[in-house]
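Observations on the three-dimensional arrangement
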Amino acid sequence: MRAEAWPEALELAPEETLEVGWGERRFYMAPEAGSGLALRAALWPSPSVLHVVGFSGPVEGRFPDNEIVELRLSRESFKRLCAHLHREYAHDAGGRAQVLGPGHEPNSRFYLGRRRYHLLRTCNVWTAEALREAGLPI
């Protein structure tokens, strides 16, 4: 089902879990982003990227110092979430997601995002929209 609604998910197969982040292109792709890039990202509408990381194994092992909150979705909710993620990529004329390069981690990539990043559309707003699309109470 993930592949139908979110075909880009197959690009990092055969991993069982995908981590997806969204943010301002220059800030997110920089090896070490400083306050200047952060200020620019907040004040000027800028291109966005998706950072997709594939991994296997327990999520807790990947994020040992973070609080993990498990969200259970119905099949239909998961399908809506996947379709939402698919729509967030910028696609070329052939319908392919535009890969910008390798991500910050093994088995990861940066993709050009469809929407612009700015002070009122941050990664937190983006995440809330995705969860709302899946039917979660945000």
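Residues numbered from 1 in each chain as written. Predicted model: local features only at pLDDT ≥ 70, side-chain atom pairs only at ≥ 80, totals over all residues. Heavy atoms only, no water.

Using the criterion set out here, one finds four aromatic pairs in the structure. Judged by centre distance (6.0 Å) and plane angle (5 degrees), the rings of tryptophan 22 and tryptophan 126 are stacked. Of this pair, tryptophan 22 sits in strand β1 (residues 17-24) while tryptophan 126 sits in helix α6 (residues 123-133), and the two are 104 residues apart along the sequence. Residue tryptophan 22 is classed as buried on the basis of its relative accessible area of 3%. Aromatic side chains tyrosine 28 and phenylalanine 110 sit 5.6 Å apart centroid to centroid with 75 degrees between the ring planes, which places their arrangement in the edge-to-face category. Separated by 82 residues along the polypeptide, tyrosine 28 in helix α2 (residues 25-29) and phenylalanine 110 in strand β4 (residues 108-117) bring together distant segments of the chain. In this structure an aromatic cluster arises from ring pairing among Trp22, Tyr117 and Trp126. In this arrangement the basic side chain of arginine 62 is found over the ring face of phenylalanine 55, its NZ or CZ atom lying 4.6 Å from the centre. (Phe/Tyr/Trp six-rings, centres within 6.5 Å; stacked < 30°, edge-to-face > 60°. Helix = DSSP H or I, 4+ residues; strand = E, 2+ residues; numbered from the N terminus. Buried < 20%, exposed > 50% of the residue type's maximum accessible area, 1.4 Å probe, protein only. Lys NZ or Arg CZ within 6 Å of the ring centre and 35° of its normal.)

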